[in-house]
Structures are given as C-alpha cells and as structure tokens.
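Structural overview
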Protein chains: 2
Amino acid sequence: MSSEIVNSINNIALNNDEDFVDPWNVVSKSDTGVDYDKLIQRFGSSKIDQELLDRFEKITGKKVHHLLRRGVFFSHRDMHTILNLYESGKPFYLYTGRGPSSKSMHLGHLIPFTLCKWLQDVFNVPLVIQLTDDEKTLWKDIKLEEAHEMAYENAKDIIAVGFDPKKTFIFSNLDYIGQCPDFYRNMIRIQKCVTFNQVKGIFGFDDSTVIGKIAFPAAQATPALSTSFPHIFNGKKFPCLIPCAIDQDPYFRMTRDVCPRLGFQKPALLHSKFFPALQGAQTKMSASDPNSTIFCCDTPKQLKNKINKHAFSGGQVTVEEHRKIGGNCDVDISYQYLRFFLEDDDKLEQIRKDYTSGALLTGELKKILIDTITPIIVQHQERRAEVTDEVLKEYMMPRKLEFDYK
Amino acid sequence: MSSEIVNSINNIALNNDEDFVDPWNVVSKSDTGVDYDKLIQRFGSSKIDQELLDRFEKITGKKVHHLLRRGVFFSHRDMHTILNLYESGKPFYLYTGRGPSSKSMHLGHLIPFTLCKWLQDVFNVPLVIQLTDDEKTLWKDIKLEEAHEMAYENAKDIIAVGFDPKKTFIFSNLDYIGQCPDFYRNMIRIQKCVTFNQVKGIFGFDDSTVIGKIAFPAAQATPALSTSFPHIFNGKKFPCLIPCAIDQDPYFRMTRDVCPRLGFQKPALLHSKFFPALQGAQTKMSASDPNSTIFCCDTPKQLKNKINKHAFSGGQVTVEEHRKIGGNCDVDISYQYLRFFLEDDDKLEQIRKDYTSGALLTGELKKILIDTITPIIVQHQERRAEVTDEVLKEYMMPRKLEFDYK
C-alpha cells in the first residue's frame, strides 16, 4: 500500500476537534473554515508556494490567475512535472468533473471550471469533463433519469464558462461508459487493482454500502488514463493534470496508486479550497440548501437579497462600534467571496484595509460584492442562454479534438 | 432480505462433509458426485418432476429433450410460469452465458447450449448469450485482451451448436457494455440495490476482494432485464428464462431478489447438473486441467486416447471378476457421458443393463462412448470451421432479432 493510500486512511481516524473532509462532507469547527495547512499535511500533498507560482509565470509568460495567486488553489501534486512537460513542449491534458446535484450550478461550482478555462487557454491543451450522473443516482435518493437530466443542465452552465469547443469534451458517465468500450475496459482494469479494504479506508465504506458505490471510484479514476478517450488521444498515453476541490483528492490518491501498475503516469493535481456557504466558512456552499447558496440562475434581485440577508458578516453590531473596532475579513463572507471574484488585487487590498479599520461598513462591503457578482452572473446567464441543444451536442459528442503537440 | 438470499448465505456455512458448490468451485466428497437433491433443498429451487415434463410435452407438442428427461437438467425456478406464458402466446426470451476460460470449449460447456438450442427451436424465441470476459480478467491472472480473445474463440464454438442467427445475439461484456448505455444504466440500477453484505453472503467475498469482483454480479444479472437490449426488445419489458449449470444459481438468486424492485419479473431458471471430469464425478470437467477434459477441438485420436486412458471406470479389475460382479454405472464416467450424448433411450438402457450385469466389458463400453462422441465432435468441428469472421460478426452485432409475439 502506497504512502498516499495510508495517508488517506489516517483521514478517517480524525480527532473530534479536527475538520472533516471527504467527497461527501466538509465540516469545520472553526469560523475561519477548514485548516488547509493541516489538510496538506494529512493528505500528503504539497503547498502551492511562491516558488511554484514564479516558475509558472516564467515558463508560461502569463501572470498567474488570481485564484492561484490568492491561494484559492492552495495545494498540488506533481505540478512541477506538468511545468517540465510544458517547458519541453511535451503534450498533456486537463481532466476535471462534476457530480450533478441540482438543475442549476452555484457560484462555488464555477471555481474549478474558471481555473480550468484559464489553464486550457494558457497551456493550449485538451480538457475532458466528467459528469458523474452515475455517482449521483447511487448516492442520492433520485432516479437515474433525474441524475442524467441534471448532468445535461449542468453541462450548459459549464459550457457557459467559455471552454473552447475544439478542445473540450464533456461527457455524462451514463452515456459515455455505454458508448466507449475502451473506457469500460480501463474501468475494469482499475477495478482489478483496488480491494474493498482500500476503498473502505479511503472512502469510509462499510458492509452495508451498495456495490455500485464500492465500484464507483474506478469510474472517476478512469479519465486519468488517456486511452479512455480513443477519439481524442488515438490510443496513446498522455499525462494529465486534474484541477479539483480538495475534497475530491481521495479519488485521485487512489488513482495515483493504480496508474503506475497499469503503465500510466500518475495524474498531477491542483487542489482548491472550498467555496464557503453564505452563512459562514464552517461549511461549503451546497446546492441542497438554497438559503446558503447563490445559484448561477438567480436573478439580480435574488442575489442582492441573499447577500444582504444571509451573507455572514465580520462587522460589528452597531455602526459606532464598527467604526471603532473594525471588521474581521477572515470570517466575513462578502470579503471572502470578493477574493474569489474580484480580479483587481489593489482594489481588493484597499477593501481589506478599509473593512478592517472600520472605514468600510458591512452594508457598503455587501454592495461592492453585489456590484461585483451581478455582472458575472448576468453574463453567465446570457452565455448559458446561447447554449442550445445543438451546442450541447457539439461539446458532448465523442470526437477528435484539436491537440497541439508543438 | 428474501428467503432466496438467505438460502444462499446458508450455502457458505456448509458442514465439512457436504458438497461445495459456488460459481468458481465444485467439490464433492462422494464418487457419485454432488448430491443434487440436497442442493435443491439448500438453494431453495424446485425439482424438475415428471408432472412438469408431462406438461412441457403437452403444451409444446414435442417430446422433451433427453437432457431433460434424464434429469441432467434437474432443477428449476418458475418454469411453470414460462409454460403459462407459452400456453397463452405471450412472449419471453432465453438468456444464457459463458465465462470464457480457454481458447476451446470442452464437452461439458456444450450441455447448456445444446438445451438452449432445443428450447429456442421449440419455443421460437430470441436468445441472448453473454460472454463474461470481464469476469475472467477479474478472476484469473490474465490480461483483459486475452479474456476478450477467448470470448471470441468460444463464440465460434457456441455458434457451431447451431443457433438461429435471426434469433440469437452473442455479446462480449468488454464490447457490449461499452456499446449500449441502456445496459450500463441497468447495471447501475442493480448495483444500487445490492449491498456488500449481500454479495459477501452469496459469493463469499471478503475485505481483500477487488472491487471489480464485488460489482461484477450486477453485470451477470443485467441481461435478465430485457431493456438492456434495446435493439431486440425496443425498450419493452419481457420475462426471461435462464438455462444454466446449477453453480450459476447464486448470481440469479441475487437477480431474482433485485428484479421486482426494479419493476421486472423474476427470471425463470433451468439448472443442469455438472458434466463430470474424466477422472470421476467428484469434480466437474475443467478447461484448466487438460487430462480431465475433452475439448471440442480434440482430434478423434486424442479423444480415443483420453477416454481409454483417463475415463474413470466402474468396472472390475479383471475380466473374470467383471463378468461375475458386473460394473457400477453410477460411478462409471463412460456410462455417465453416454447419458449426456446418446439420444436413444432404449440403447442406453440396454448398455446400463449389460454393464451392470457384467455382460459388457469396460473396454467395450469405452468403445461405444468413443463411437458416440467422435461423430458429434467431428461434426462440431466442421460447423465451427464454417464460422468465419463474417459469421461471427453477424451473431455479435447488436441488431434487431426476429421475435414472434403470437
């Protein structure tokens, strides 16, 4: 058993006062949210440090994305290997995914896709996006048909992020696994390498777990083998980089354990922090709680109301007190959201200073957030409206992609 | 948990002096082989009795096949339901399968297919044949490619049995599951209904079992849902009858437990006894031991040598003794094989009498067997030689089948 797998087992046996993070639950006892440094230690990944960011900029000639320079993506595995490949003109691809859980995606769901789009543009590489509708029907009390429909609705939101159709393949597992023998075969190869003991340790399964859940981690691992996409990679092996939220790491620890045994390189990873719920950083935003969540389909009015009503404030109870003591940006959800969505570093820093000093009031900060997010959401909705069934079909059709070997 | 499932769990907790029967092992302590009456009791199936056979003949107007009237197929589940359907002109289909384990099939493998062909002719119904090459790569130390190749080689032997190409679909799991989203979706639906606890009880899995094995029973259950074959059944639900060796019953007990929960009728079953190894009835014939096995590709000379050399004899040590005491047909492999392959009841009964009385010597009995099997094998090989890649493709192409509703 590799050390990565052992680390993941340790994750199960947490102390009661530690954060709990697995693919289905994120719970932190602290109002500043999960302790991500501890998570890096526990998961055995590496911190994205200034040296990596500097190298990134040097090699690509591009200023790194604000989600990287602000530490929203904070952890990685083998990212230097990917930069080495790029530096020497060797090909690789991006893989990310989504477990469709409601008809509309929420703000937090956009984060990995936003970085993916940026990475696709910077590296000029193909991207495969897995919609795990099979997972959703296995875990939730919903019919397979509903999960499949949600996958298609979510695909529209994903396309609206602006991915290049010549370089992006989006697929629903419930479609594609039944369309591509190579995918099913790789899944079986992976399922032959992983015991119940291992998935028990990694995912906390027990004897009452249904066999679909037990087998599923292989379905999420399979896209890390490039031969699962013969229409894109023509049966050849290419390394892959997976940007994802840190809670998905257990799947890819397993994947990294299996890959070398099947003659594939371990996938590299970029981990993001969680997008906090409106009510505060103890939990991540979740589509199943509408009050904690800003959906991509919310109207400007809904958006405004939700932020004004529900966004947890780091400010003081009275204006007088706030002017005197100042606000706490570390717990203030409006400020936290701005770190995700306000691109201008100087402006963000000024806001931080003003709110901390008390010069900026909570209502004013909320207004800045509303003014920042509203155009993002409105534009997203406009782009989504252009995603016709025709466009959807284009992205989701197994087909050749542009793949520049240089 | 249904009583069928509970029965199967009891199968694990056997006394040491009882026969052991599961899909991977058949071991009997008795030299007359497995005690099939006990197996019926333990598995909770029903005996194929004279009443059922009489009804069969009355309804179909055909004399029942010698494999049925001699009790080679000895046990069933819900066969009266199938006869009711046939009687009232309602449609159903046949499903059987094969786990490809060597490039050539052996004599024992032909048994379920022989009855299937007869049932297909008598009932005039479609037949789907699953080649579980995915199972084989999961259970054996062989590459997926080898298992897939064996499936195709076995398909040639199966086609040589004489199935009607207009009514028969043969498929490899490693091909078809990746070609048919409906199949994969039904598999996920089944995997959602079955817990690790259940497969542990039914198949004896434990924590060190790989997750591919744990999930596999769903793949074998899926063809019992007619919607897994949209090209044949056009998305409609039809009942199914599964002729198979009794060791496959655990899979179908699980299937019968799941079907009603997914809105499908439980499949009916016809169970055959095992085809004994040349060395005796304690074990079934196995492709992994060439000395115990007559392959469909053996030459007449090999066949003759194997029977003369290895077929366990129920006769006495010297001719004198044999003439005096007589032979024991219950343990004599040559006689047992004749029960499978010699169609003429009167001739078989005469042989039994003569060997029991000592009038027929072991060498003479072996010669009768050789003379009976040689033309069967030779003709099989001739038909197999006609199975070109073209013919193979015809049977294995997902396509519309003739399906007479009447």
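The structure displayed is predicted, hence computed values, not measured ones.

A closer look at the overall build of chain A
Broken down by element type, chain A carries 20 helices and 11 strands. The globule rule puts the C-alpha radius of gyration for 406 residues at 22 Å, and the 21 Å found for chain A is close to it. Projected onto its principal axes, the C-alpha coordinates of chain A cover approximately 65 × 45 × 45 Å. Buried positions account for 60% of the 406 residues belonging to chain A.

A look at the sheet that holds strand S3 (residues 46-47) of chain A
All names here are of chain A. Across the sheet, which stays open at both edges, the 7 strands sit in the order S3-S4-S9-S8-S5-S6-S7 with mixed pairing between neighbours. The open sheet has two edge strands with one neighbour each: S3 and strand S7 (168-172). Judged from the 5 bridges that link them, strand S6 (residues 127-131) and S7 form a sheet pairing that is parallel. Looking across to S7, one finds that Leu127 is bridged to Thr168. Seen against the sheet, helix H6 (residues 107-123) touches strand S4 (73-77), strand S5 (93-98), S6, S7, strand S8 (240-245) and strand S9 (268-272) and runs at an angle of roughly 165° to S5.

Re the interface of chain A and chain B
The partner chain B presents 39 residues to the 39 residues of chain A that form the contact. Here chain A packs against chain B, burying approximately 3,300 Å² in sum over the two surfaces, 61% of which is carbon and sulfur. For chain A, the biggest contributors to the area lost against chain B are Tyr184, Lys192 and Ile211 of chain A; these three give 22% of the whole. Taken together, the links from chain A to chain B amount to 6 salt bridges. The salt bridge partner of Asp175 of chain B is Arg185 of chain A, with a shortest N-O separation of 2.6 Å. Counting the contacts that link chain A with chain B gives 32 residue pairs in polar contact (both at pLDDT 80 or more). Listed by contribution, the elements that provide at least two residues to the side of chain A that touches chain B are helix H7 (133-139), helix H8 (144-160), helix H9 (173-176), helix H10 (181-191), helix H11 (196-203) and helix H12 (211-221) of chain A.

Regarding the domain arrangement of chain A
All names here are of chain A. Each assigned domain of chain A is listed here: domain 1 (3-277) and domain 2 (291-385). For domain 1 and domain 2, the distance between their C-alpha centres works out to 29 Å. In this assembly, 24 residues from domain 1 lie in contact with 24 residues from domain 2. Area buried by domain 1 at its contact with domain 2 is led by Arg70, Leu107 and Ala160, which between them contribute 30% of it. Our count for the domain 1 to domain 2 interface comes out at 15 residue pairs in polar contact (both at pLDDT 80 or more). When contributions to the side of domain 1 that touches domain 2 are tallied by element, the ones reaching two or more residues are helix H4 (66-69), H6, H8 and strand S10 (276-277). Element by element, the count of residues in the side of domain 1 that touches domain 2 is highest for H8, at 4 residues. Here the side of domain 1 that touches domain 2 is built from residues that sort into 11 nonpolar, 5 polar and 8 charged.

Regarding the relation of the copies chain A and chain B
Taken as rigid bodies, chain A and chain B are interconverted by a rotation of 180° and an axial shift of 0.0 Å, the fit giving an RMSD of 0.0 Å. In the structure described here, the two chain copies are related by an operation that fits a two-fold rotation axis.

A look at the state of the cysteines
A full pass over the atoms with the stated rule returns 0 disulfides over all chains. Of all cysteine sulfurs, the one in Cys180 of chain A lies closest to Cys180 of chain B, which takes part in no disulfide; the gap is 14 Å. Cys180 of chain B sits in the buried class, given a relative accessible area of 4%. In this model Cys297 of chain B remains outside any disulfide bridge; the closest cysteine sulfur is found in Cys296 of chain B, 7.4 Å from its own.

Thoughts on unusual backbone geometry
Even without being glycine, Asn124 of chain A reaches a positive phi, approximately 60°. When you line up the elements, Asn124 of chain A lands in the loop between H6 and S6. Residue Asn124 of chain A is classed as partly exposed on the basis of its relative accessible area, which comes to 28%. In this structure, Asn234 of chain B takes a positive phi of about 55° despite not being glycine. Along the chain, the position of Asn234 of chain B falls in the loop between helix H13 (230-233) and strand S8 (240-245).

Focus on the pairing of strand S6 (residues 127-131) of chain B
Residue and element names in this part refer to chain B. Summarising burial for S6: 5 of the 5 residues are buried, a large majority. Along S6, one buried face is formed by Leu127, Ile129 and Leu131 and the opposite face, lined by Val128 and Gln130, is buried too. Where strand S5 (residues 93-98) meets S6, 5 bridges bridge the pair, whose relative direction is parallel. Bridging across to S6, Gly97 finds its partner in Gln130.

Some words on the environment of Thr60 of chain A
Residues and elements named next belong to chain A. Tracing the backbone shows Thr60 in helix H3 (residues 50-60). For Thr60 and Glu87, which are 27 residues apart along the polypeptide, the C-alpha to C-alpha distance reads 8.2 Å. Setting aside residues up to four positions removed in sequence, Thr60 forms contacts with Tyr86, Val122 and Phe123. Engagement of the side chain of Thr60 in a polar contact is seen with the backbone nitrogen of Lys62, the distance being 3.2 Å.

Remarks on the sheet that holds strand S4 (residues 73-77) of chain B
Residues and elements named next belong to chain B. Strands sit in the order S3-S4-S9-S8-S5-S6-S7 across an open sheet of 7 strands; the sheet is mixed. Sheet topology places strand S3 (46-47) and strand S7 (168-172) at the edges, where each strand pairs with a single neighbour. When S5 meets S8, the two strands line up parallel, connected through 2 bridges. The residue of S8 that forms the bridge with Tyr93 is Cys240. The strands that helix H14 (residues 249-258) touches are S4, S5, S8 and strand S9 (268-272); relative to S9, the one it contacts most, it runs at about 170°.

Some details on the nonpolar core
Grouped together as the largest cluster of nonpolar side chains are 94 residues, with contacts concentrated most on Val199 and Phe229 of chain A together with Val199 and Phe229 of chain B. Excluding residues that lie within four positions of it along the chain, Phe229 of chain B makes contacts with Val128, Phe169, Phe171, Tyr176, Phe183, Pro223 and Asn234 of chain B. Counting 71 residues, the second largest nonpolar core, distinct from the first, contains Leu110, Leu270, Phe340 and Leu348 of chain A.

Thoughts on the packing of aromatic side chains
All names here are of chain A. With the rule as written, the count across this model stands at 61 aromatic pairs over all chains. Seen from their ring centres, Phe275 and Phe341 are 5.8 Å apart, and the 80° between their planes marks the pair as edge-to-face. Note that Phe275 is positioned in the loop between S9 and S10 and Phe341 in helix H17 (residues 333-341), a separation of 66 residues in sequence. Put simply, the rings of Tyr93, Phe169, Phe171, Tyr176, Phe183, Phe229, Phe233, Phe238 and Phe403 touch in pairs and so form one group of aromatic residues. The side chain of Lys237 reaches across the aromatic face of Phe264, ending 4.7 Å from its centre.

Comments concerning the side chain of His106 of chain A
Residue and element names in this part refer to chain A. As for its placement among the helices and strands, His106 is situated in the loop between S5 and H6. The exposure class of His106 is buried, given its relative accessible area of 3%. In terms of polar contacts, His106 uses its side chain to reach the backbone amide nitrogen of Gly108, at 3.0 Å. Those residues in contact with His106 that sit more than four places away from it in its chain are Met285, Ser286, Ala287, Thr293, Ile294, Phe295 and Cys296.

Some remarks on the pattern of salt bridges
Pairing of side chains with opposite charge becomes possible as their charged atoms draw close. Residues and elements named next belong to chain A. This model, assessed by the stated rule, comprises 44 salt bridges over all chains. One salt bridge in this structure joins Glu87 and Arg55, with 3.1 Å as the shortest N-O distance. Of this pair, Glu87 sits in helix H5 (residues 79-87) while Arg55 sits in helix H3, and the two are 32 residues apart along the sequence. On the accessibility criterion, Glu87 (52% relative accessible area) is exposed. The residue Glu402 makes a salt bridge to Lys167 at a minimum N-O spacing of 3.5 Å. One end of the pair, Glu402, is in the segment after helix H20 (389-396); the other, Lys167, is in the loop between H8 and S7, with 235 residues separating them in the sequence. When salt bridges with common partners are traced through the structure, they connect Lys63, Arg69, Arg70 and Asp345 into a single cluster.

About the criteria used
- Residues numbered from 1 in each chain as written.
- Chains lettered and ligands numbered in written order.
- Predicted model: local features only at pLDDT ≥ 70, side-chain atom pairs only at ≥ 80, totals over all residues.
- Heavy atoms only, no water.
- Helix = DSSP H or I, 4+ residues; strand = E, 2+ residues; numbered from the N terminus.
- Rg over C-alpha atoms; globule rule 2.2 N^0.38 Å.
- Buried < 20%, exposed > 50% of the residue type's maximum accessible area, 1.4 Å probe, protein only.
- Pairing = 2+ DSSP bridges.
- Contact = heavy atoms within 4.5 Å.
- Axes fitted to C-alpha atoms, helices over the stretch in contact; angles between N-to-C directions.
- Buried area = accessible area lost by both parts, 1.4 Å probe.
- Salt bridge = Lys/Arg side-chain N within 4 Å of Asp/Glu carboxyl O.
- Polar contact = N/O pair within 3.5 Å; in protein donor to acceptor, adjacent residues only side chain to side chain.
- Domains from an automatic or database assignment.
- Nonpolar A, V, L, I, M, F, W, Y, C, P; charged D, E, K, R; others polar.
- Least-squares fit on C-alpha atoms with pLDDT ≥ 70 in both.
- Disulfide = S-S within 2.5 Å.
- Core = buried A, V, L, I, M, F, W, Y, C linked by side-chain atoms within 4.5 Å.
- Phe/Tyr/Trp six-rings, centres within 6.5 Å; stacked < 30°, edge-to-face > 60°.
- Lys NZ or Arg CZ within 6 Å of the ring centre and 35° of its normal.

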